[in-house]
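Residue-level listing of the chains:
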Amino acid sequence: MTGHRPGPAVLVAAAGSLTEADRAIAAGADMIDGSGLTQQDLAALRARHPGLRLWHGSPAATDADHAGTAAAVVATAAVLAWLGTPAIRTRHVLPVRRAIDMTCSIVGTRLPAITTRGLA
């Protein structure tokens, strides 16, 4: 197969509170969907996290949370990353971050965090 491979998917965290947003950032979210936050909360987030990227609908994100259970959300995110989806939105940030990273490492759009060489 020839052509350009898309880069790793952007992880957009859906946050309904300032605490959820802080946890999502700590868990590895690339962007925060602050549509459920007040202007005061957004200002506090920007003060706490300089350079924070807020999601305003671009890139278009696929909402993995519609899959249902947490396991289904993680599996959906892995498939979406495999298919080259540009952005994945979820409230399950840490497990989805891990699934995206693993899938992108397998596909070859991200280097593995740890490489182990088998010596037999």
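For clarity, every value in this text was computed on a predicted model and none was experimentally measured.

Calculation notes
Residues numbered from 1 in each chain as written. Predicted model: local features only at pLDDT ≥ 70, side-chain atom pairs only at ≥ 80, totals over all residues. Heavy atoms only, no water. Salt bridge = Lys/Arg side-chain N within 4 Å of Asp/Glu carboxyl O. Helix = DSSP H or I, 4+ residues; strand = E, 2+ residues; numbered from the N terminus. Buried < 20%, exposed > 50% of the residue type's maximum accessible area, 1.4 Å probe, protein only. Pairing = 2+ DSSP bridges. Contact = heavy atoms within 4.5 Å. Axes fitted to C-alpha atoms, helices over the stretch in contact; angles between N-to-C directions. Core = buried A, V, L, I, M, F, W, Y, C linked by side-chain atoms within 4.5 Å. Left-handed = near helix turned anticlockwise from the far one by under 90°. Nonpolar A, V, L, I, M, F, W, Y, C, P; charged D, E, K, R; others polar.

### Structural notes on the pattern of salt bridges
Phase 1: According to the stated counting rule, one finds six salt bridges in the structure shown.
Phase 2: The closest approach of N and O atoms between R48 and D22, which form a salt bridge, is 2.2 Å. Placement of R48 in helix 2 (residues 39-48) and of D22 in helix 1 (residues 18-27) is noted, with a sequence separation of 26 residues between them.
Phase 3: Relative accessible area serves as the criterion here: at 46%, R48 is assigned to the partly exposed category.
Phase 4: Residue R89 pairs with D33 through a salt bridge whose shortest N-O separation is 2.7 Å. One end of the pair, R89, is in strand 4 (residues 87-90); the other, D33, is in strand 2 (residues 31-33), and 56 residues separate them in sequence.
Phase 5: Given the relative accessible area of 4%, D33 is considered buried.
Phase 6: Among the ionic contacts, a cluster of salt bridges with common partners joins D30, R97 and D101.

### Thoughts on the sheet that holds strand 3 (residues 62-63)
Phase 1: A sheet is described by the order of its strands in space; here four strands give the open sequence 2-1-4-3, paired in parallel fashion. This sheet does not close on itself; its edge strands, each paired only once, are strand 2 and strand 3.
Phase 2: Across two bridges, the pairing between strand 3 and strand 4 is parallel. What sits directly across from T62, in strand 4, is I88.
Phase 3: Across the sheet, helix 4 (residues 93-107) touches strand 1 (10-14) and strand 4, and the angle it forms with strand 1 is around 170°.

### Brief notes about the nonpolar core
Phase 1: With 25 residues, the main nonpolar core has I32, L45, I88, V93, V96 and I100 as its most contacted residues.
Phase 2: Elements represented by at least two residues in this core include exactly strand 1, helix 1, helix 2, helix 3 (70-83) and helix 4.
Phase 3: Apart from residues no more than four positions distant in its own chain, L45 is found in contact with L18, A21, D22, I25, I32, L37 and L52.

### Notes on the packing of helix 3 against helix 4
Phase 1: Packing of helix 3 against helix 4 brings their axes to within 8 Å, and their N-to-C directions diverge by 35°. Considering the relative orientation of helix 3 and helix 4, their crossing is right-handed. Residues V73, V74, A77, A78, A81 and W82 of helix 3 form the contact with helix 4, whose participating residues are P95, V96, A99, I100, T103, C104, I106 and V107.
Phase 2: The class makeup of the residues in the contact of helix 3 with helix 4 is 13 nonpolar, one polar and no charged.

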